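Architecture at a glance
Okay, here's what each chain looks like letter by letter:
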Amino acid sequence: MREILFRGKRVDNGEWVEGYYVCKSKDSHTSQHFIIQNFRSDSNLDGLVEFEVIPETVCQYTNFNDENGKIYEGDIINVLQDRLMEVRWDFEELTWKLFDVGLPVGEINLYYNTIDLAGLYLETCYENQMISEVVGNIYDNPELLKADKEKLKQITSRWYYG
């Protein structure tokens, strides 16, 4: 069965917490966002712990892992040791995809600037053809999003012209 988990940065200290995501309305204009841990389906709330999180940092677990742990939406993955890609949900294909960092969504050529995360995971696990690891995320490492535009041009020109 698929585990649907989220993580977010705590409001009080900025640390990451992982668990189940809940949004509670305070009034008609504001809401609070929480990550809940120690939740059990037997309706017993003993031991339940909730942390208020910054809503912009809430991201979903992809159900894939690298050698260091879970891969979440917003993680930045180094593919083939020279290509940084961000994990995002592709609403058109309804799957987790890796998108070249530094390119706005409107400029992405889905054939050349994306990799299906499930396909990458399978190749890495079973064929050892693609080497990849999480090197950061868009929240803690914004400097990784400032991709070298010249490097991206070189990579994409190789795809177009062989």
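Bear in mind that the values here come from a model prediction, so they are computed numbers and not experimental data.

Pairing in this open sheet of 6 strands is antiparallel, and the strands run E4-E3-E2-E1-E5-E6 from one edge to the other. This sheet does not close on itself; its edge strands, each paired only once, are strand E4 (49-52) and strand E6 (69-72). Strand-to-strand, the axes of this sheet are offset by a mean angle of 55°, without reference to chain direction. Across 4 bridges, strand E3 (residues 31-37) lies against E4 in antiparallel orientation. Bridge pairing links Phe34 to Glu52 in E4.

On to the packing of aromatic side chains. Aromatic ring pairs are defined here through the distance separating the ring centres and the angle between the ring planes. Within the structure shown, the criterion is met by 4 aromatic pairs. Judged by centre distance (5.1 Å) and plane angle (75°), the ring pair of Trp89 and Trp96 falls under edge-to-face. Between Arg7 and the ring centre of Trp16, over which it is positioned, the NZ or CZ distance is 4.6 Å.

Let's shift gears to the sheet that holds strand E10 (residues 114-116). Strand order across the open sheet formed by 5 strands is E10-E9-E8-E7-E11, with antiparallel pairing between neighbours. Pairing within the sheet leaves two strands with one partner each, and these edge strands are E10 and strand E11 (132-137). Across the sheet, the mean angle separating the axes of adjacent strands is 35° when strand polarity is ignored. As defined by bridge partners, strand E7 (residues 75-79) adjoins E11 across 5 bridges and the pair is classed as antiparallel. In the sheet register, Asn78 faces E11, and the bridge partner there is Glu133.

Moving on to the pattern of salt bridges. This model, assessed by the stated rule, comprises 8 salt bridges. We note a salt bridge from Asp140 to Lys9, for which the minimum N-O separation is 2.6 Å. Of this pair, Asp140 sits in the loop between E11 and helix H2 (149-161) while Lys9 sits in strand E1 (residues 6-9), and the two are 131 residues apart along the sequence. Take Lys9: its relative accessible area is 17%, and that puts it in the buried class. Its salt-bridge partner being Lys70, residue Glu18 comes within 3.1 Å of it at the nearest N-O pair. Pair noted here: Glu18 is in strand E2 (residues 16-25) and Lys70 is in strand E6, with a separation of 52 residues, a long-range link. Look at Glu18 and you get partly exposed, because its relative accessible area is 33%.

What counts, and where the lines are drawn
Residues numbered from 1 in each chain as written. Predicted model: local features only at pLDDT ≥ 70, side-chain atom pairs only at ≥ 80, totals over all residues. Heavy atoms only, no water. Pairing = 2+ DSSP bridges. Helix = DSSP H or I, 4+ residues; strand = E, 2+ residues; numbered from the N terminus. Axes fitted to C-alpha atoms, helices over the stretch in contact; angles between N-to-C directions. Phe/Tyr/Trp six-rings, centres within 6.5 Å; stacked < 30°, edge-to-face > 60°. Lys NZ or Arg CZ within 6 Å of the ring centre and 35° of its normal. Salt bridge = Lys/Arg side-chain N within 4 Å of Asp/Glu carboxyl O. Buried < 20%, exposed > 50% of the residue type's maximum accessible area, 1.4 Å probe, protein only.

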